[in-house]
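The chain contents come next:
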Amino acid sequence: MEIIDNVKDMQLRADEIRSFGKTIAFVPTMGFLHKGHLSLIEKGKKAGDILVLSIFVNPAQFGPNEDFDSYPKNIARDLELAEKQCVDIVFTPDKESLYQKNYQTYVDVNDLPNHLCGLCRPGFFKGVATVVTKLFNIVKPHYAVFGEKDYQQLAVIRQMVKDLDFDIKIIGSPTLREEDGLAMSSRNAYLTKEQRPAALSLYNALVKARDIVKKGEKNASKIINSVSMDIKKYKDTQIDYISICDPYTLEDVDIIEESVVMALAVKVKTTRLIDNMVLTPDLNYI
Ligand code: PAF
């Protein structure tokens, strides 16, 4: 496995791989890898010849009061896992090489960030779109894999790739869950054993909503109120948002007539968790 920490070296290596007629699949991460990331790597390996994994905690997507400084890190363990997973190249730039002194250019998608997480985390998607653009220009992939757990992020990146004519195929990869249903996330490392039931309230809310929509409930507010009450029963929870929305525009849906996405963000004490699920009415249900 090659480890490259320098922008120029990564670009030259990407050019070389392309000149051999090989395709590059790319999995961008912020490290502290878990099984969810490993499933993205597996997807990437099926898509392209050479798998590049990046590990970079992007300061531009963290707000001033967020967890940039305390974001979990274990580079030695990440490299071991990447090696075991037969990753070809790990790209590990530092902050200074990606955002040089006097850095001035950002990528801002217009509408999709004005929903869900974008409302609670102003500037977050600008930071994500900017770093992903930079990484695309450095790694020069043919394919890039993103997790569906970050549903809005995936939508923003698809829009950006379409709008800016990136010649890259974006591949979405389903959310991996712990045995109890909790969506895998690097931030789960912050949770104590006592906070686990509160953390699970997100998944339980989605399952409840999925089941009642299947049985014919169409009123989105009714569903949101019901699952909000369930989540609030756990003393450490604070709901950032719960939304039932159009899968493409992310606009809120009031009456559920076809498949919608339910997305939510809940803080369990200081740990902010997100999750989502597609809710599909069963048109044959009587
Ligand atoms: O999903 C993530 O881990 C990050 O937002 C990403 C896509 C690597 C950009 O920093």
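Residues numbered from 1 in each chain as written. Predicted model: local features only at pLDDT ≥ 70, side-chain atom pairs only at ≥ 80, totals over all residues. Heavy atoms only, no water.

(A) Examining the sheet that holds strand β1 (residues 2-4) more closely. The sheet built from six strands is open, its strands ordered β1-β4-β3-β2-β5-β6 with parallel pairing. Strands with a single pairing partner mark the edges of an open sheet, and in this sheet they are β1 and β6 (169-173). Going across the sheet, the axis of each strand differs from the next one's by a mean of 25°, ignoring polarity. Sheet topology note: the β1/strand β4 (residues 89-91) ladder contains three bridges and is parallel. Bridged to Ile3 within β4 is Val90. (Pairing = 2+ DSSP bridges. Helix = DSSP H or I, 4+ residues; strand = E, 2+ residues; numbered from the N terminus. Axes fitted to C-alpha atoms, helices over the stretch in contact; angles between N-to-C directions.)

(B) Just the state of the cysteines, in detail. In total, this model carries zero disulfides according to the counting rule given. With no disulfide partner, Cys120 has as its closest neighbouring cysteine sulfur the one in Cys117, 6.3 Å distant. (Disulfide = S-S within 2.5 Å.)

(C) Region of the structure containing the pairing of strand β5 (residues 143-147). For β5, the buried fraction is high: four of the five residues fall into the buried class. Two strands pair when backbone bridges link them, and β5 and β6 are joined in this way by five bridges, in the parallel orientation. Bridged to Ala144 within β6 is Ile170. A crossover connection joins β5 to the parallel β6 through helix α7 (residues 151-163); in handedness this β-α-β unit is right-handed. (Buried < 20%, exposed > 50% of the residue type's maximum accessible area, 1.4 Å probe, protein only. Right-handed = clockwise from strand over helix to strand, strands pointing away.)

(D) Spotlight on a negative patch on the surface. A surface patch of negative charge is lined by Asp5, Asp9, Asp94 and Glu96. Looking at the element boundaries, Asp94 is found in the loop between β4 and α4 (95-98). Looking at Asp94, the relative accessible area reads 43%, which means it is partly exposed. (Patch = residues over 30% accessible without salt bridge, like charges linked within 9 Å, V, L, I, M, F, W, Y side chains within 5 Å. Areas by Shrake-Rupley, 256 points an atom, 1.4 Å probe, with all protein chains shown as cover. Salt bridge = Lys/Arg side-chain N within 4 Å of Asp/Glu carboxyl O. Lys, Arg positive; Asp, Glu negative; His and termini not counted. Charge placed at Lys NZ, Arg CZ, Asp CG, Glu CD.)

All we've got here are geometric facts, nothing functional implied.
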